[in-house]
Amino acid sequence: MRAFKLPKIGSFRLGLGLALLAIFVILGLILPWFAPTNPLTWYKAPRNQGASFAHLLGTTNLGQDIFWLLTWALHNSLILGLTVAFFSTLIGVFAGLAAGYSGGWIDRILSFFMDALLCIPSLPILILLAALFGGQLSLPLVGVALVLFNWPYPARQVRAVALTMREREFINVAWFSGEPRYKILGRHIFPYIAGWSAANFINTVLVGIATETSLAVIGLSSAQQATIGTMIYWALKYQALLAQRYLWVGAPVLAIVLMFISLFLISSGLAIRSAARRIG
Amino acid sequence: MRLLGQIATRLISYVLVIAFGLTVVFFVPRFAPNDPVEAMLAQVSSQGAYMDAAQADALRASLTDAFGLKGSMLTQYWNFIKRIVLTGDFGPSLAMYPTPVSQLIAQALPWTFGLLLSSTLIAWVLGNFVGLWAGWRPNRASSRIMEGLAIIVYPIPYYILALVLSILFSYIWPIFPLTASVHGAPWSFAFIRSVIWNSFLPALSIVLVVFGWWVISVKAQTTQLAEEEFVRYSRLKGLGDGRILTRYILPNAILPQITFLALQIGLMFNGAIVTEILFEYPGLGHLIYTAVIQGDYNLLMGTISLSIVAVATATMIIDLTYPLLDPRIRAR
C-alpha cells in the first residue's frame, strides 16, 4: 500500500518542481541572449522607475533595467550552481565507489576526508579566502572552493549504497562469472546509485547557489558580475529599502526563494522515488 | 567496553578533524597572492600617514612578528597550533588595538551560542510536536497545510528569510528594530527584555527554517512508525493517542534526527554568520565581518579557527549523545 503511495507523492513533487524550474531555465539560460543592452551598464535607462511596459520590473538607482539585470543574475547563479554540482557529483560518485567497493585503507582515508570536510564550516574559509584576495572572489574561484566542500555529501551516500551492494547475490554471480570490475560497477551498481546521485546533484545546485549568494550578500563575491547575491548586495548598499524601492530587492529575493523551492521539490521527489524503487 | 571503544574512536577523529581544519586555515593565507603584512602597510599609507623607508621596515618587522609570520614555515605552523591549542591566544586585534583577540571573541561567543541554541531548541520542540501530529493524522487539512508550509519554508536560506522578515517588520510595518542595540545594566530585567527584543527577528528566521525541516522529517518517520506492529498492539491494548505518540513513536522518531543535526550544524553556522551580519547582531559572525572589513588579520585568523573548533565540538557532542538515547547501542 505504502510502496504504491510513495511514488505518487514523489512524482507530484517532481512535476511541480520541474515546471517551476523550467521558468527559471527560460529566464536565466535563454532570455539573457535577448537583452537589448548589457544590463550592468549604468544610466542606460532612466533612474528609479516603477514597473512599466518599457521596464517590466522598473529600474535601479543606477539606471539599470531590473528585469534584464535579473535574467543575467539568474544566468550566472544557475551556471555556477550547475558547474559546482556537476564536478562535486562526479568526484563524489568516484570517491564513494572507490571507498565503498574497495574497502580497507582506501576506504578509511577517503572516509576521514569526507567526515572532516563535513565538519568544517565552509563559509568562514570562503570569507578568509575572499579577505586574502582583496575582499573579492571571482566566480571561478568560488566554484572551485565550493566543489572542494561539496563532494563529500554524494560520496558518503554512494559509499553507503556501494557497501550494501557488495554483499548482494547478483554482484557475486557477476564476479564469479568473470565480469571485469569496471563492468560490475558500471552495469550493476551504477543504476542503483543513479537515482540518489540525481537527487544529490540537484541539492548541490541549491547549496552552491546559496553559498555564493551568502558570500555576495555581504559583499565578498565578485561585485562586478551580476548574480542574485550581488543584486541584493547593491540594492541594500544603495538603500533601496529606506527609499522604499522594494522591486529592486524584492525581485532577486523572490526569484531565489522560488528557485530554491523548485530545486528542493525536485531533489526530494527524486529521493522518494529511488527509496520506493529500493523497497519494491 | 564496546561503547568506550566507540567514544575513544570518536574523540580521536575529533582531534584529527580539528588538526585538519586548522591546517587548512594555516595554509590558505600562505598560498594566497596577497601578503597580509603588505596589505596592512598599504592600508596605513593610504590613510595618509607618511613613512620613510626605515620606519616602514620597522613597521613591517613588527607586523610580521604580530601576525606570527616570522621564521620558517615549520616554526610558524608549530607556533600557530601552539597558540590556539595551548594558550588560546591570537595576539592583539589591530583594528581595536590593544584589545586581545581572545577577549573580543569571548564577548561575541555567548551571543552566537545563545542565538543558535535557543532558536534550534524552540524549532525542535515545535517541529516535533507538529510533525508528530501531521504524521499521526496525515489526511487532516491542518496536517496538509503544515506540511505544505514546511516544504515552502525549509529550502529558503536563513539570511534570505531574515531579509524578508526585516523588510516586512522593520521597514513596511516597523515593529522590530532594524539593527541590534542592547541597553540596560547586565542581567537586569530591562537588559534581558532588550536582548530578546533585539534577537527576535534573527532567531525567528532560524526557527522557521529548522522548524520546516523537523516537520518534514518527523512526519515521514511517524507515518512509517504508525504502521508498525508494536503501535497497533499498543492501540489494541487501549492506550490513548497521547501516550502512544510520546512513549512509543517519539523515541523512535528522534534517533534519525540526531544524525541529521550532526551533519547540519556546519551549514547552520554558515547561515547564522550572514544573519548576524545583516542584523548587525554582536556575535561571532559579525566579528568575522568586522575583521574582513578592517583588514584585521589576527582577528580574522582567530575567529575562523574558533569557528572550526566550535562546529567540530558541537558535532562531536551531538554524536556522543546518540548512544545515550539509543538503548540498543548501549546494550550491545
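Structure's up top.
Keep in mind that this is a model prediction, so the values were computed, not measured.

Calculation rules
- Residues numbered from 1 in each chain as written.
- Chains lettered and ligands numbered in written order.
- Predicted model: local features only at pLDDT ≥ 70, side-chain atom pairs only at ≥ 80, totals over all residues.
- Heavy atoms only, no water.
- Salt bridge = Lys/Arg side-chain N within 4 Å of Asp/Glu carboxyl O.
- Helix = DSSP H or I, 4+ residues; strand = E, 2+ residues; numbered from the N terminus.
- Buried < 20%, exposed > 50% of the residue type's maximum accessible area, 1.4 Å probe, protein only.
- Patch = residues over 30% accessible without salt bridge, like charges linked within 9 Å, V, L, I, M, F, W, Y side chains within 5 Å.
- Areas by Shrake-Rupley, 256 points an atom, 1.4 Å probe, with all protein chains shown as cover.
- Contact = heavy atoms within 4.5 Å.
- Buried area = accessible area lost by both parts, 1.4 Å probe.
- Polar contact = N/O pair within 3.5 Å; in protein donor to acceptor, adjacent residues only side chain to side chain.
- Nonpolar A, V, L, I, M, F, W, Y, C, P; charged D, E, K, R; others polar.
- Phe/Tyr/Trp six-rings, centres within 6.5 Å; stacked < 30°, edge-to-face > 60°.
- Lys NZ or Arg CZ within 6 Å of the ring centre and 35° of its normal.
- Axes fitted to C-alpha atoms, helices over the stretch in contact; angles between N-to-C directions.
- Left-handed = near helix turned anticlockwise from the far one by under 90°.

**Q** Looking at this model, I keep getting lost on the pattern of salt bridges. Mind explaining?
**A** One pass over the full model with this rule turns up seven salt bridges over all chains. The salt bridge partner of B:Glu147 is A:Arg13, with a shortest N-O separation of 3.5 Å. Here the residue B:Glu147 occupies a position in helix H6 (residues 141-153), and A:Arg13 occupies one in helix H1 (residues 2-30), the pair thus bridging two chains. On the accessibility criterion, B:Glu147 (18% relative accessible area) is buried. The exposure class assigned to A:Arg13 is buried, which follows from its relative accessible area of 10%.

**Q** In this structure, what is going on with a nonpolar patch on the surface? I would like to understand it.
**A** Residue and element names in this part refer to chain A. A cluster of nonpolar side chains, namely Phe-86, Phe-87, Leu-90, Ile-91 and Phe-94, defines an oily patch on the protein surface of about 500 Å² accessible area. Along the chain, Ile-91 falls in helix H2 (residues 66-102). You can call Ile-91 partly exposed: its relative accessible area is 39%.

**Q** Looking at this model, I keep getting lost on helix H9 (residues 228-237) of chain A. Mind explaining?
**A** Residues spaced three or four apart along an α-helix face the same direction, because each turn holds 3.6 residues. All names here are of chain A. Of all 10 residues in H9, seven are buried, a share of seventy percent or more. Regarding H9, the residues found buried are Ile-228, Gly-229, Thr-230, Met-231, Ile-232, Tyr-233 and Ala-235. Count one or two residues on from H9 and you reach Gln-239, which has phi positive near 55°.

**Q** Help me understand the side chain of A:Thr227 in this model?
**A** With respect to the helices and strands, A:Thr227 occurs in the loop between helix H8 (181-217) and H9. In this structure A:Thr227 touches A:Ala73, A:Asn76, A:Ser77, A:Leu139, A:Glu212 and A:Ala216, once residues within four positions along its chain are discounted.

**Q** Looking at this model, I keep getting lost on the environment of B:Leu255. Mind explaining?
**A** Residues and elements named next belong to chain B. Position of Leu-255 among the secondary structure elements: in helix H10 (residues 241-279). Judged by its relative accessible area of 7%, Leu-255 is buried. A sequence separation of 72 residues divides Leu-255 from Pro-327, and the C-alpha atoms of the two residues are 11 Å apart. Sequence-distant contacts of Leu-255, that is, excluding residues within four places in its chain, are made with Tyr-322, Leu-325, Asp-326 and Arg-328.

**Q** Looking at this structure, I do not really get the interface of chain B and chain A. What am I missing?
**A** A common way to state how big an interface is: give the accessible area lost once the parts meet. Tallying the contact residues gives 49 residues for chain B and 43 residues for chain A. When chain B packs against chain A, close to 4,100 Å² is buried across both sides, 83% of that on carbon and sulfur atoms. Interface area lost by chain B to chain A is led by B:Phe20, B:Pro155 and B:Tyr171, which between them contribute 14%. Where chain B meets chain A, there are four residue pairs in polar contact (both at pLDDT 80 or more). For the side of chain B that touches chain A, the secondary structure elements donating two or more residues are helix H1 (2-31), H6, helix H7 (158-172), helix H8 (189-225), H10, helix H11 (284-294) and helix H12 (297-325) of chain B. For the side of chain B that touches chain A, a count of residues per class yields 40 nonpolar, seven polar and two charged.

**Q** Explain unusual backbone geometry to me, please; I cannot follow it from the model alone.
**A** For B:Glu280, which is not a glycine, the phi torsion comes out positive at approximately 50°. Relative to the elements of secondary structure, B:Glu280 occurs in the loop between H10 and H11.

**Q** I'm lost on the packing of aromatic side chains in this one. Help?
**A** Ring pairs (aromatic) are described by centroid distance and by the angle formed between their planes. Applying the stated criterion across every chain, the model contains 15 aromatic pairs over all chains. Judged by centre distance (6.3 Å) and plane angle (75°), the ring pair of A:Phe112 and B:Phe20 falls under edge-to-face. Remark: B:Phe20 occurs in helix H1 and A:Phe112 occurs in helix H3 (residues 104-119); the pair is interchain, linking two chains. When its relative accessible area of 23% is taken as the criterion, A:Phe112 is described as partly exposed. Pairing B:Phe27 with B:Tyr77 gives two aromatic rings, centres 6.0 Å apart and planes at 25°, and the pair type is stacked. In this pair, B:Phe27 is assigned in helix H1 and B:Tyr77 in helix H4 (residues 73-87), connecting sequence segments 50 residues apart. Among the residues examined, B:Tyr77 registers a relative accessible area of 24% and is labelled partly exposed. Taken together, the ring pairs in this structure connect A:Tyr233, A:Trp234, A:Tyr238 and A:Trp248 into an aromatic cluster. The ring centre of A:Trp105 lies 5.0 Å from the NZ or CZ of A:Arg108, which sits over that ring.

**Q** Before we go on, may I ask you to explain the packing of H2(A) against helix H6 (residues 152-166) of chain A in this structure?
**A** Each pair of packed helices gets described by two things: the angle between the helix axes and the distance between those axes. Residues and elements named next belong to chain A. Where H2 meets H6, the closest approach of the two axes is 7 Å, and the angle between their N-to-C directions is 35°. Viewed along their axes, H2 and H6 form a crossing whose handedness is right-handed. Contacts between H2 and H6 involve Ser-88, Thr-89, Gly-92, Val-93, Ala-95, Gly-96, Leu-97, Ala-99, Gly-100, Tyr-101 and Ser-102 from the first element and Pro-154, Ala-155, Val-158, Arg-159, Ala-162, Leu-163 and Arg-166 from the second. Looking at the contact of H2 with H6 residue by residue, the class counts come to 10 nonpolar, six polar and two charged.

**Q** Would you explain the side chain of A:Thr213 in this entry?
**A** Here A:Thr213 shows up in helix H8. Setting aside chain neighbours within four positions, we find A:Thr213 in contact with A:Gly229, A:Ile256 and B:Tyr159.

**Q** Looking at this structure, how should I read the environment of B:Phe90?
**A** All names here are of chain B. Looking at the element boundaries, Phe-90 is found in the loop between H4 and helix H5 (101-136). Separated by 22 residues in the primary sequence, Phe-90 and Gly-68 have C-alpha atoms spaced 9.1 Å apart. The contacts of Phe-90, once residues within four sequence positions are left out, are Arg-83, Ile-84, Val-101, Ile-105, Asn-298, Gly-302 and Ser-305.

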